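Chains, contacts and geometry: an overview
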Amino acid sequence: MGSQGGFGQSKEFLDLIKSIGEARSKAEEDRIVIREIETLKRRISEPDIPKRKMKEYIIRLLYVEMLGHDASFGYIHAVKMTHDDNLLSKRTGYLAVTLFLNDDHDLIILIVNTIQKDLKSDNYLVVCAALNAVCRLINEETIPAVLPLIVELLSHGKEAVRKKAVMALHSFYRKSPSSVSHLVSNFRKRLCDNDPGVMGATLCPLFDLINDDPNPYKDLVVSFVSILKQVAEHRLPKSYDYHQMPAPFVQIKLLKILALLGSGDKPSSEHMYTVIGDIIRKGDSSSNIGNAILYESIRTVSSIHSNAKLLEAAADVIAKFLKSDSHNLKYMGIDALGRLIKLSPLIAEQHQLAVIDCLEDPDDTLKRKTFELLYKMTKSSNVEVIVDRMIEYMISISDDHYKTYIASRCVELAEQFAPSNHWFIQTMNKVFEHAGDLVNIKVAHNLMRLIAEGFGEDDDAAYSQLRSSAVESYLRIIGEPKLPSVFLQVICWVLGEYGTADGKHSASYITGKLCDMAEAYSNDEIVKAYAITALTKIYAFEIAAGRKVDMLSECQSLVEELLASHSTDLQQRAYELQAVIGLDARAVEAILPHDASCEDIEVDKNLSFLNGYIQQSIESGAMPYISENERSGMVNTSNFRSHDQQESGQHGLRFEAYEVPKAPVPSKVTPVSLSSTTDLVPVPESLYARETQQISSVGLASDTGSSELKLRLDGVQKKWGKPTYSSPASSSNSTSQNPVNGVTKVDVATTINSKARDSYDSRKQQNEIDPEKQKLAASLFGGSTKTERRTSTSSKGPKASAADRPQDSKAASVPNKASGEKTNQVQQPPPQDLLDLGEPTVTAAPPAVDPFMQLEGLLDSSNSSAVTNSGGAVANAPDIMGLYRGTTSSEQSGGGGYNPASGDNLNLLSELSNAAAVRGTTGATIVSPLSPSVKGANAKDSLEKDAKVRQMGVTPTSQNPNLFRDLLG
Amino acid sequence: MIRAVLVMNTQGKPRLAKFYEFLPVEKQQEIIRNVFAVLCSRPEHVSNFVDAESFFGPDARLVYKHLATLYFVFIFDGSENELAMLDLIQVFVETLDKCFRNVCELDVVFNYSKMHTILDEIIFGGQVLETSSTEVMKAVEEISKLDAASSAINLVPKSVSSWRSR
């Protein structure tokens, strides 16, 4: 071995991996990999490389690319390797090209020919290798080149080839359904293949086909049902069993197919009831795969035409899932509950405490699934609690993707079920405050509209109360640092519109706040625009009310700053403000009437108020307006001032300077209708800007018009002179999350702790239940817990008050749980982790001497632990075994395809060990029934390997890199 | 359909990455980084499921298993069953264990092509092909036999046939 390192690779490769393993930083790793790439580049183009070496180079290339570096220089060598006659080189070549190349890569054309040749090969291993490549590398255009060959392979002698051919066809279907549409009958034919493996493979394409359109396959319902029945009844050969389950993956696929076929189809569904009922009834809820089948059955039940009996059975299974200690099962239970709740809304009630437990679980996945469930069961009676919870969670997370998602959920629920305006506004405030940058701008507009319009009730008092509560809340929030831009816009608008409306706050107070805001967020031009418009409105209202306007000094400086802004929009608004302040009360009231944001705006699109002016101009010799069509080819804009530019009607360049535009003469028509557009918020920004421009040029008197020109030049000069506002506007976004993050971590940690303590307490003192939880349950589920009460023995008498009920139900469910847990409180690894050997119990296992002795030992320990166990888990264990024995004997008599000679003894052992594993007491000690015989003898070997591994130092920090240190001690 | 199979160690170094739909190398790296970030932030004794939509597109779920120094990760869509995927990881690991006797991280690193051979026998084009580790072993052994025959000259491959004979 020596220089070869003992792993079948060269010393060089070992060194590479070792040095990468020891790299202390990403930069160091990159340096090593880049050096490796250079070596490979040099070596791989040398002439006459032996095949074996070449193979290793290709593997090294794959490794390099897996670490994220470009290995494209070697692609051609991988392609070349697929041409090799040696199967192993060929396989390596195919492996490399499937990992390297996309199906539209230029090099594919060089491979198609080889694939064609290989598909015809006599050696089925070559065919399999080619089929593997077919799935990945053949695209829509090249499908015809290999399709006939694949169809031929569907009747190949080897079932492995048939299986892969079916799946290759399936991959064609996914890439281009039309290319294989004429071959669908082949899938049906293969369903009757005499090899169950091929039949199972056929289910995959059929699932996709039925998913796209179930109708042509309704006739297969009976066949699917009978296949499922046979599989579930152990009619398949033993070799298809997985952990004593007959072909579970086939069962799951079949159940999925039945769910599609039975959806909304009563006659088809009726065929399925019996078999699904049987599967649920006989279901083995002690193994992971058994639960997978049970869960799939529930999904099917919830999808097909509903049947009361099945729903009941499904609800029982869900109850079992939710009561389980395994997070995986709880997750499945919550998911299943969400599916069933549409059909029987009452089902959630019996599980209310379990649901709340899941909501408070430290597991994020479970929490999110639970929110999904809550979202589905929201009604107006519980919307407050649910949305509050969602917001609480939203604040605590830092994952933007999910934050956006849950924020939109909150908004959706709040809009749909809000019990009161006040609550709605408070809720929206919270959403905006914490996820404002992530929600759609439309939501902000909706909120503003709601504050302006109310919910449509006529009560004026309620109106103003709503508004002033909004104003109050915003004045409170405004002091918070780093608010999102969208939220600030809403705040500015509301303060501008209603800040002084109820007379509680003086204009100078509100304007001061607005100026502070504009200053604090000076990078955000939109916020500044909203702020300055709000200022304009407040001053306008003051003037209209006949009060004297006393502009704060900070306001003045803000306006001055904006007058010189390089944003024309801000400039515009600042000038408007100045202009409004200069006007008398009557004019101001016409321009910015109080509380008119909801008034309909009549826009005179024909600009009829200009008719008089035009008439006048034409009379004095101006050219009449020529419509756009008539002026085809002319780029000139259709401005209503175009009468000033008659000359531009002639083509060609103009070299003389444009004349100073005449100030438009204000017409007699009052611009009231136009002016209120300033307050129309949902209008997009650009449109808004254009309109205000019109207003200022039309509506405001001529003095603004002329001064405008002069002052604008001013602004331009400033722009060149002192670039004050050029800092990027985005920085506030990213930083605003940071403090939230910090809080999150602490939060999670504490909840974990308190959670642990909580559950411990509740076990110790069964009767003392967290009143918080009860309250939550009552508010979520309405407090009725009929079903739970039925099961409880202690509380038979009807309780008087409704408030007592949740307590009862908790008392009923807790003893169940507690009795199970108390006895084996020490450690209870979840049963599905059969291979997870990190448990402390491992060390207790004696070092192997005789593998069978050891097996017995294992069985003993699990038996004895089973005795100490109490509660539900043990009660049904003997049942399972009994059931199992029954089935094995029946199979013997039925003459199934398995070997009776090897039978009882070995079977029983494996069964027992499995049952032990299932009980979850010493799951860690049992890997699989056959491992002791193999591993026990090789303890020394494994130790040697372990030593070598340490010496190699691939993972220097890890304690013991062995995955399976179970039997070593 | 299964979209990707990843094996990475607890320090985030990829040990095996197989994507069943083509993704550019940069995107693959990004996914590996994201998956690792999610996995190492998960507390112990929680569920083995993670929502993968944020980094793998809509309807993507992720099931993982943490064994010693390795994470085994399967990413798939709604047409698969989460619990069943967990068992598929089990099949994969069991097969590795049979193949490498007490499989450890080094085996995974050094037997890169063999890992792929095994995986290809379990998952084919994103669909579950075989779930019996015995059957998978049979297929892999047949390929390994050729390996042994062709490389008997100067190498002692760590194939199944060799340890069976000891």
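Relevant structure appears above.
Residues numbered from 1 in each chain as written. Chains lettered and ligands numbered in written order. Predicted model: local features only at pLDDT ≥ 70, side-chain atom pairs only at ≥ 80, totals over all residues. Heavy atoms only, no water.

**Here we look at the overall build of chain B**
- In terms of regular secondary structure, chain B is built from seven helices and seven strands.
- When the helices and strands of chain B are read in sequence order from the N terminus, they spell out β-β-α-β-α-β-β-α-α-α-β-β-α-α.
- Per-residue burial over chain B gives 72% buried out of 166 residues.
- Taken as a whole, chain B presents about 5000 Å² of accessible surface, with 51% of it coming from carbon and sulfur. (Helix = DSSP H or I, 4+ residues; strand = E, 2+ residues; numbered from the N terminus. Buried < 20%, exposed > 50% of the residue type's maximum accessible area, 1.4 Å probe, protein only. Areas by Shrake-Rupley, 256 points an atom, 1.4 Å probe, with all protein chains shown as cover.)

**Thoughts on helix H4 (residues 75-82) of chain A**
All names here are of chain A.
- Taking burial as the measure, the eight residues of H4 include six buried ones, the bulk of the element.
- All of the buried residues along H4 are Tyr75, His77, Ala78, Val79, Met81 and Thr82.
- In this structure, the buried side of H4 is in contact with helix H2 (26-44), helix H3 (51-66), helix H5 (87-100) and helix H6 (108-119). (Contact = heavy atoms within 4.5 Å.)

**Here's the deal with the pairing of strand E4 (residues 61-67) of chain B**
Residues and elements named next belong to chain B.
- Most of E4 sits inside the fold, with six of its seven residues counted as buried.
- As defined by bridge partners, strand E3 (residues 49-51) adjoins E4 across three bridges and the pair is classed as antiparallel. Note that in E4 the partner of Val50 across the bridge is Leu62.
- Where E4 meets strand E5 (residues 70-76), seven bridges bridge the pair, whose relative direction is antiparallel. Looking at the pairing, Lys65 lines up with Phe72 of E5. (Pairing = 2+ DSSP bridges.)

**Quick word on the sheet that holds E5(B)**
All names here are of chain B.
- Spatial ordering of the open sheet is given by E2-E1-E5-E4-E3, a layout of five strands whose pairing is antiparallel. Where the open sheet ends on each side, the last strands, each with one partner, are strand E2 (14-19) and E3. Across the sheet, the mean angle separating the axes of adjacent strands is 20° when strand polarity is ignored.
- Bridge analysis of strand E1 (residues 2-9) against E5 gives seven bridges, and the strand direction is antiparallel. Its bridge partner lying in E5, Asn9 is registered against Leu70. (Axes fitted to C-alpha atoms, helices over the stretch in contact; angles between N-to-C directions.)

**Quick word on the packing of aromatic side chains**
Residues and elements named next belong to chain A.
- This structure, assessed with the given rule, holds 13 aromatic pairs over all chains.
- Aromatic side chains Tyr402 and Tyr405 sit 5.5 Å apart centroid to centroid with 35° between the ring planes, which places their arrangement in the tilted category. Of this pair, Tyr402 and Tyr405 both sit in helix H21 (residues 400-417), separated by three residues, roughly a single helical turn.
- Here Tyr405 falls in the partly exposed class, since its relative accessible area comes to 30%. (Phe/Tyr/Trp six-rings, centres within 6.5 Å; stacked < 30°, edge-to-face > 60°.)

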